[in-house]
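Chain residues, written in single-letter form:
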Amino acid sequence: MYDVAEIRREFPILGREVNGKPLVYLDNAATSQKPRRVIDALTEHYEQHNANIKRGVHRLAEESTAAYEEAREKVARFIGAADATGLVFTRGTTESINLVAYAWGRKNLREGDEIVLTESEHHSNLVPWQIATQATGARLRFIPVRDDGTLDLNEAERLIGPKTKLVACIHASNVLATVNTVGRLAEMAHENGALMLVDGAQSAPHLPVDVQELGCDFFAASGHKMLGPTGVGFLWGQPEILEEMDPFLGGGEMIREVHLYHSTWNDIPHKFEAGTMNVAQAIGLGAAVDYLEDLGMESVREHEQRLGEYAYRRLSEVEDVTIYGPEDGRTGILSFNLPEVHPHDLSQLLDEEGIAIRSGHHCCQPLIRRLGVAATSRASFYLYNTEEEVDAFVAAVTRAREFFGAFA
Ligand code: C6P
């Protein structure tokens, strides 16, 4: 039984007030709040076990290393990986994609090769590929987004061909709330001998994910969006592909032997974990994954879908509102605009009522341009949000609409 009131009690921050009003936190696509269990895991690590990992043979080093490796196993299981050898801890989605763009891209891309992306990519799944293609002479192609916020798969069929070396796509959009059929794109990529990278920043926290079912070669996500601490995320890659890749960063622990003029590399995933990692944060992410698994990702998805549909319906009632993205199959994200209200002014006005939303281009400037606007307002829901919070949000938006409308 999914009990939101009980869930909310586990998130200390949800009990606070902002501007004298109960906090209504609707900026979950930017970062999620943290349950007591994750905060406790960090505290316990620092109070009881803290040591550098993979280096010492003393008790604390062994305990820290074991907890870190256990977190790796948990995250690998959470995304349906066959085992943890392909699971690399990073700082987050951005670093994970940069890792692939540098370590795989520089080795494998040549002039004439193509990387196929979509018009709806977050900057972190666009800029690294711009840098990689500029360095190698490969070029970028883009699958268009249709007016309803879904991908034009006919155009994808046309674009993905023998020159394609990699297809990279967001699983779920942080602006449009679309869930993309990345499994179909993976098939198209593989039919042409290309690899498939999935940006799971907005899917791993919200939907059941199985990398084997998706058929992708790389999957990237951020811990801080899925109840975990900031500073940690992961890249999962097919082990045999990771084996063939060059390292991304050089330094301690990613090596096997170091000589003055050359070095050899450690086994995966350690080859991609240079220097002291964010140990406590990885352990905290393990605790976050335990929490999500206890709730069940099917239940999380159902709750968010129900709440998202309710919010979509309620917000649609506001006069002249434009909501972006498809009507069906959405995640719990609502990007919208009101004719006389600048998104930043709306965010500020809502903040006065204790309601946190985001406004701007959401690090998706090409997509925002494609929508024909300069910015949008965005409310994003998570497993602890309620219908009462949706009502408070819609009431505040309605008041803002009337307030700004009076000056129009
Ligand atoms: N989107 C948002 O408010 P990092 O910063 O590495 O944890 O995640 C980057 C990222 C990559 N892909 C997608 C689809 C994302 O949504 C994000 C982060 C936040 O929408 C911050 S811009």
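Small disclaimer: the values here were computed from a predicted structure and weren't measured. (Residues numbered from 1 in each chain as written. Predicted model: local features only at pLDDT ≥ 70, side-chain atom pairs only at ≥ 80, totals over all residues. Heavy atoms only, no water.)

> Explain the site of the ligand to me, using residue names and the numbers behind them.
Not every one of the 17 residues close to the ligand is listed here, only the nearest: Thr 94, Asp 199, Ser 222, His 224 and Arg 358. Within the side chain of Asp 199, one N or O atom sits 2.6 Å away from a nitrogen atom of the ligand. Tallied by class, residues from the shell around the ligand come to five nonpolar, eight polar and four charged. Mapped onto the domain boundaries, the shell around the ligand takes at least three residues apiece from domain 1 (4-27 + 296-405) and domain 2 (51-294). (Near = heavy atom within 4 Å. Polar contact = N/O pair within 3.5 Å; in protein donor to acceptor, adjacent residues only side chain to side chain. Nonpolar A, V, L, I, M, F, W, Y, C, P; charged D, E, K, R; others polar. Domains from an automatic or database assignment.)

> Now, about the pattern of salt bridges: what can you tell me, with residues and values included?
Here the structure, examined in full by the defined rule, presents 24 salt bridges. As a salt-bridge pair, Glu 317 and Arg 314 come within 3.4 Å of each other at their nearest N and O atoms. Since its relative accessible area comes to 54%, Glu 317 is described here as exposed. One continuous salt-bridge network, built from bridges that share partners, spans Lys 54, Glu 69, Arg 72 and Glu 273. (Salt bridge = Lys/Arg side-chain N within 4 Å of Asp/Glu carboxyl O. Buried < 20%, exposed > 50% of the residue type's maximum accessible area, 1.4 Å probe, protein only.)

> Give a detailed account of the sheet that holds strand E16 (residues 358-360), specifying residues and quantitative values.
Strand order across the open sheet formed by four strands is E13-E14-E17-E16, with antiparallel pairing between neighbours. The outermost strands of the open sheet, each flanked by one partner alone, are strand E13 (322-323) and E16. Here strand E14 (residues 333-337) runs beside strand E17 (residues 376-380); their pairing, made up of four bridges, is antiparallel. Its bridge partner being in E17, Ile 333 is matched across the sheet by Ser 380. Most of the contacts of helix H11 (residues 297-316) go to E14, to which it runs at about 15°, and overall it touches E13 and E14. Against the sheet, helix H12 (residues 343-352) makes contact with E14, E16 and E17, and its axis sits at roughly 160° relative to E16, the strand it touches most. (Pairing = 2+ DSSP bridges. Helix = DSSP H or I, 4+ residues; strand = E, 2+ residues; numbered from the N terminus. Contact = heavy atoms within 4.5 Å. Axes fitted to C-alpha atoms, helices over the stretch in contact; angles between N-to-C directions.)

> Before we move on, can you summarise the packing of helix H4 (residues 93-108) against helix H5 (residues 127-136) with the specific residues and values?
Taken N-terminus to C-terminus, the directions of H4 and H5 make an angle of 15°; their axes are 9 Å apart at the nearest point. The angle between H4 and H5 falls in the class roughly parallel. In terms of crossing hand, the pair formed by H4 and H5 is right-handed. Residues Ile 97, Asn 98, Val 100, Ala 101, Tyr 102, Trp 104, Gly 105 and Arg 106 of H4 form the contact with H5, whose participating residues are Pro 128, Trp 129, Ile 131, Ala 132, Ala 135 and Thr 136. Here the residues of the contact of H4 with H5 are counted per class, giving ten nonpolar, three polar and one charged. (Parallel < 35°, antiparallel > 145°, perpendicular 65-115°, else oblique. Left-handed = near helix turned anticlockwise from the far one by under 90°.)

> Please set out unusual backbone geometry residue by residue, giving values where relevant.
Here Ile 268 and Pro 269 are connected by a cis peptide whose omega angle stands at 0°. Looking at the secondary structure, you find Pro 269 in the loop between strand E12 (263-265) and helix H10 (279-295). A positive phi angle is found at Ala 177, which is not glycine, with a value near 70°. Relative to the helices and strands, Ala 177 resides in the loop between strand E7 (164-170) and helix H7 (182-191). The exposure class of Ala 177 is buried, given its relative accessible area of 0%.

> Explain the pairing of strand E6 (residues 139-143) to me, and be specific about the residues and the numbers.
Inspection of the sheet shows strand E5 (residues 114-118) paired to E6 by five bridges, in the parallel sense. Each residue of the ladder has a partner; that of Ile 115, found in E6, is Leu 140.

> Explain the packing of helix H2 (residues 36-49) against helix H3 (residues 59-78) residue by residue, including any values.
Two elements in contact, H2 and H3, have axes separated by 10 Å at closest approach and are oriented at 160°. Relative to H3, the element H2 lies roughly antiparallel. Here H2 runs over H3; the crossing is right-handed. Residues His 45, Gln 48 and His 49 of H2 touch H3, and the partners they reach there are Leu 60, Glu 63 and Ser 64.

> So, the nonpolar core: which residues are in play, and what are the values?
Core analysis: the largest hydrophobic core is formed by 71 residues, its most contacted members being Phe 89, Leu 185, Met 196, Phe 219 and Leu 383. Counting residues per element, this core draws most heavily on H10, at nine residues. When near neighbours in sequence (up to four residues on either side) are disregarded, Leu 383 contacts Tyr 2, Val 4, Ile 7, Phe 11, Leu 227, Leu 292, Leu 295, Val 300, His 303 and Glu 304. (Core = buried A, V, L, I, M, F, W, Y, C linked by side-chain atoms within 4.5 Å.)

Everything listed here is a matter of geometry and, on its own, says nothing about what the molecule does.
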